There are 2 protein chains.
Amino acid sequence: MAIKRITITELAKELNTTPSTVSRALRGHECISREMRDKVNDLAIKRNYTVNRLASSLRSGSSKTLGIIVPRVNRDFFSNCISGIEEVAAKAGYTSIICQTHDEQEKEEKSVLSLIESNVAGILISTWSDSSQSPAFIEANRLGIPVIFFDRATKDINQNKVVVDDNLGAYEGVKHLIEQGYKRIVHFAGPQHIKIYNDRKEGYLKALREFNIPIDKNLIVENPLSKDIGYDAILPFLKGPKKADALFSASDYAALGAIIRIKEMGISIPDEMGIVGFSNEMFTSIIDPPMTTIDQHSKRIGNYAVQACLEAIKEENPVFKNIVLSPTLIIRESSLKKPLRIINK
Amino acid sequence: MAIKRITITELAKELNTTPSTVSRALRGHECISREMRDKVNDLAIKRNYTVNRLASSLRSGSSKTLGIIVPRVNRDFFSNCISGIEEVAAKAGYTSIICQTHDEQEKEEKSVLSLIESNVAGILISTWSDSSQSPAFIEANRLGIPVIFFDRATKDINQNKVVVDDNLGAYEGVKHLIEQGYKRIVHFAGPQHIKIYNDRKEGYLKALREFNIPIDKNLIVENPLSKDIGYDAILPFLKGPKKADALFSASDYAALGAIIRIKEMGISIPDEMGIVGFSNEMFTSIIDPPMTTIDQHSKRIGNYAVQACLEAIKEENPVFKNIVLSPTLIIRESSLKKPLRIINK
DNA sequence: TAAAAATATGTAAACGTTTGCATGAAGTAA
DNA sequence: TTACTTCATGCAAACGTTTACATATTTTTA
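The rules behind these values
- Residues numbered from 1 in each chain as written.
- Chains lettered and ligands numbered in written order.
- Predicted model: local features only at pLDDT ≥ 70, side-chain atom pairs only at ≥ 80, totals over all residues.
- Heavy atoms only, no water.
- Helix = DSSP H or I, 4+ residues; strand = E, 2+ residues; numbered from the N terminus.
- Rg over C-alpha atoms; globule rule 2.2 N^0.38 Å.
- Buried < 20%, exposed > 50% of the residue type's maximum accessible area, 1.4 Å probe, protein only.
- Near = heavy atom within 4 Å.
- Polar contact = N/O pair within 3.5 Å; in protein donor to acceptor, adjacent residues only side chain to side chain.
- Contact = heavy atoms within 4.5 Å.
- Salt bridge = Lys/Arg side-chain N within 4 Å of Asp/Glu carboxyl O.
- Nonpolar A, V, L, I, M, F, W, Y, C, P; charged D, E, K, R; others polar.
- Phe/Tyr/Trp six-rings, centres within 6.5 Å; stacked < 30°, edge-to-face > 60°.
- Lys NZ or Arg CZ within 6 Å of the ring centre and 35° of its normal.
- Least-squares fit on C-alpha atoms with pLDDT ≥ 70 in both.
- Core = buried A, V, L, I, M, F, W, Y, C linked by side-chain atoms within 4.5 Å.

A few points about the overall build of chain A
On a plain count of helices and strands, chain A comes out with 12 helices and 12 strands. Its C-alpha atoms give chain A a radius of gyration of 26 Å, clearly above 20 Å, the size a compact globule of 345 residues would have. Considered along the principal axes of its C-alpha atoms, chain A spans approximately 90 × 40 × 35 Å. The burial tally for chain A puts 56% of its 345 residues in the buried class.

Take a look at the structure:
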């Protein structure tokens with residue numbers, strides 16, 4: 001069935017020249033005469049020649065493929081990062097392989113190894129963070145394959161990172177709640193071994209301290225932050241001794257679950273309960289009420305990450321980069337107790 | 001900087017044997033003694049050996065990589081298809097390269113060519129449909145690279161397809177609206193050169209005919225079905241001579257835009273206006289009111305598509321497959337005018 | 001005990017490129 | 001004319017595997 005693809009050698013034969021000349025002509029090597037270059041290119045088009053990247057990469061040792069690893073592609077945040085990466089990568093002639101880990105560390109390890117096997121030129125990863133010392137990463141480092149952590153970065157200083165100032169974002173969000181008059185603010189904190197969640201919690205604490213609001217550890221819930229978990233986790237805070245008047249969730253999804261529960265209980269948002277989420281997922285603007293959240297400039301993160309990666313690929317002795325973007329608070333109805341001032345759609 | 005990776009040849013030297021033996025041992029060839037096999041595997045692990053897939057694929061001519069092309073990854077429908085594909089693909093030892101076209105035909109062409117250059121074993125694609133005769137696909141066919149169209153399939157009979165019965169889905173959705181007592185049903189139809197949108201329109205017409213509801217062409221709007229477009233497109237039908245009492249949208253996103261507008265105008269859903277969307281995007285269950293929509297079993301589509309692909313890769317003289325799944329109507333509040341009977345969450 | 005069969009390993013070519021070096025032709029300077 | 005450049009192309013090895021075929025060793029059979 002499979003017809004063999006046409007090769008450089010066949011083109012060469014047909015033109016009574018050699019593979020090396022054809023190869024050089026196709027890549028626009030300047031030491032090939034204009035006449036020969038045109039002849040080769042014309043025939044290549046006529047014969048539907050496509051380069052065999054396997055052979056090309058194998059010989060040249062450089063692969064024009066980037067690996068992207070994310071927990072899952074169907075989060076707006078990640079798919080926007082991916083768009084940001086591909087945008088820049090495509091311009092530089094790179095293709096990308098996308099892997100999903102579903103937040104499983106084992107899959108992350110496997111993905112990295114698989115990308116190494118595929119000879120990627122660089123790896124862009126957003127996931128289990130503290131794994132920068134796991135065997136797969138050590139191997140990537142040993143082989144000189146640059147690894148760029150984006151969003152969820154390792155604490156390790158000697159790594160390339162593009163992150164958002166999560167601490168600042170959380171601080172802004174909580175400060176906003178406090179300014180709106182909320183006092184007992186629940187915090188849905190993610191797993192604390194992941195740096196972003198740790199930073200968000202710190203930002204939460206910082207805002208409370210600054211406004212002299214006593215810190216109540218009972219208000220801090222550490223959980224994996226899914227919609228369903230949010231739905232359950234908010235319950236203890238809706239009445240009884242632990243009753244709170246606001247929620248700052250480190251994830252929009254968990255906040256969503258909470259909102260569903262709160263509405264079911266007939267509690268009013270934002271009057272009785274203010275809500276601030278994190279990530280500016282698409283749904284936050286369309287639910288009822290629209291949710292205040294923190295935008296992380298996901299696409300820009302992708303842009304910067306791939307730029308850093310391409311630089312690291314080029315440079316001989318690359319220096320580790322640490323790029324920090326400032327997030328933006330997007331205020332919507334879910335946290336606007338005071339008379340309405342600004343609403344960003 | 002880059003340290004060269006360890007090769008099969010170096011393993012061979014260290015064991016005083018040859019590359020061929022090592023190669024066979026690593027792949028568990030049965031003609032290698034157990035003793036040798038163990039020795040090789042132990043050393044490979046010790047030295048962090050990873051196979052070089054470029055070399056391997058180049059030599060063997062088979063690549064264990066699949067190409068996936070979708071309009072965009074951040075649609076629940078597509079990301080679920082992708083999960084469905086990867087699930088099965090990973091089990092069979094395949095990696096996948098994901099490309100986004102953003103609904104641009106040129107990007108689709110480029111993606112296909114790029115996948116061919118990357119020597120993928122097969123291509124799974126959901127996009128501009130009628131391009132099955134474009135140069136890139138002809139080339140893929142010529143090279144014997146199986147192409148599986150999923151969801152958005154070409155009309156061309158001689159192609160592999162995994163689709164949902166869009167006609168049936170639309171029919172069920174519209175029938176449901178009629179049974180609820182709605183009479184003037186607007187249809188947001190997508191671009192009609194895309195088969196799925198054409199089928200959905202046919203399903204809409206079929207239901208009307210069956211219930212003897214006169215077909216009013218003014219109620220059919222053909223547009224690219226984004227949220228913003230839906231927001232604008234519903235306007236003419238909310239008052240005046242064209243006033244309608246229901247919307248069947250071929251896309252959840254356009255329906256969402258319409259809902260936002262309808263609520264802004266103070267019109268009640270579902271009492272004054274019933275809504276049915278298409279695709280069961282995640283947000284349809286959480287907006288207010290929850291939207292009735294049609295689930296396409298996206299993950300299953302992915303499963304079937306990759307199965308068909310793997311079969312086509314194996315077989316010598318593959319037969320074209322045409323798999324059709326039945327969609328499921330998910331009834332929620334947006335279309336329940338009559339006293340509530342069933343609500344699927 | 002010789003021959004045949006089975007088992008384990010080695011040899012060398014091949015996959016389609018790229019690239020350092022060599023070669024030949026044409027042009028320029030002395 | 002000779003020698004030195006410059007320009008365009010060819011030669012051949014290399015990238016890291018896989019694999020058909022050959023060889024060497026052991027076991028079985030007559």
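Brief notes about the protein's contact with DNA strand C
Lining the immediate environment of DNA strand C, one finds 26 residues, of which Ser 23 and Arg 59 of chain A together with Thr 17, Ser 20 and Arg 24 of chain B sit closest. When atoms of DNA strand C within 4 Å of the protein are sorted by moiety, sugar and phosphate together comprise 60%. Arg 59 of chain A is positioned such that a nitrogen or oxygen atom in its side chain is 2.3 Å from a base oxygen of DNA strand C. Only α1 (8-14), α2 (19-26) and α4 (53-60) of chain A together with α2 (19-26) and α4 (53-60) of chain B provide two or more residues apiece to the surface near DNA strand C.

A word on the interface of chain B and chain A
Put simply, an interface is often sized by how much accessible area is lost when its parts join up. Facing the 53 residues of chain B at the interface are 52 residues of chain A. At the boundary of chain B and chain A, one finds 2 salt bridges. We note a salt bridge from Glu 117 of chain A to Arg 53 of chain B, for which the minimum N-O separation is 2.6 Å. Summed over the shared surface of chain B and chain A, the number is 12 residue pairs in polar contact (both at pLDDT 80 or more). Secondary-structure elements contributing two or more residues to the side of chain B that touches chain A are α4, α5 (76-91), β2 (95-100), α6 (105-117), α7 (135-142) and α11 (252-264) of chain B.

Quick notes on the protein's contact with DNA strand D
DNA strand D sits among 25 residues. The nearest are Thr 17, Thr 21 and Arg 24 of chain A together with Ser 23 and Arg 59 of chain B. Near-protein atoms of DNA strand D (within 4 Å) split between backbone and bases, with sugar and phosphate holding 62%. In the environment of DNA strand D, a phosphate oxygen lies 2.3 Å from a nitrogen or oxygen atom belonging to the side chain of Thr 17 of chain A. Arg 59 of chain B places a polar side-chain atom, nitrogen or oxygen, 2.3 Å from a base oxygen of DNA strand D. Residue assignment for the surface near DNA strand D shows that the elements contributing at least two residues are α2 and α4 of chain A together with α1 (8-14), α2 and α4 of chain B. Classifying every residue of the surface near DNA strand D gives 7 nonpolar, 13 polar and 5 charged.

With respect to the packing of aromatic side chains
Evaluation of the coordinates by the stated rule reveals 8 aromatic pairs over all chains. Their ring planes at 70° and their centres at 5.0 Å tell us that Tyr 253 of chain A and Phe 283 of chain A sit as a pair that is edge-to-face. Remark: Phe 283 of chain A occurs in the loop between β9 (274-276) and β10 (293-295) and Tyr 253 of chain A occurs in helix α11 (residues 252-264); sequence separation between them is 30 residues. Of the two residues examined, Tyr 253 of chain A and Phe 283 of chain A, each falls in the buried class. It is Arg 75 of chain B that lies over the ring of Tyr 253 of chain B; its NZ or CZ is 3.9 Å from the centre. When the ring centre of Tyr 171 of chain B is taken as origin, the NZ or CZ atom of Lys 206 of chain B, which lies over that ring, is 4.5 Å away.

Thoughts on the relation of the copies chain B and chain A
When chain B is fitted to chain A, the residual RMSD is 0.1 Å, and the transformation amounts to a turn of 180° plus an axial shift of 0.1 Å. The operation mapping one copy onto its partner corresponds to a two-fold rotation axis. Looking at chain B, 98% of its interface residues are interface residues in chain A too, so the copies touch through the same face.

A look at the nonpolar core
Ile 185, Phe 188 and Phe 248 of chain A together with Ile 185, Phe 188 and Phe 248 of chain B are the most contacted members of the largest nonpolar core, which has 98 residues in total. Core analysis: the second largest hydrophobic core is formed by 51 residues, Phe 77 and Leu 124 of chain A together with Cys 81 and Ala 121 of chain B among them.

Focus on α2 of chain A
Residue and element names in this part refer to chain A. Where α2 is concerned, the buried positions are Thr 21, Val 22, Ser 23 and Ala 25. Buried residues along α2 sit in contact with α1 and α3 (34-46). Directly after α2, the chain includes Gly 28, whose backbone phi takes a positive value near 70°.

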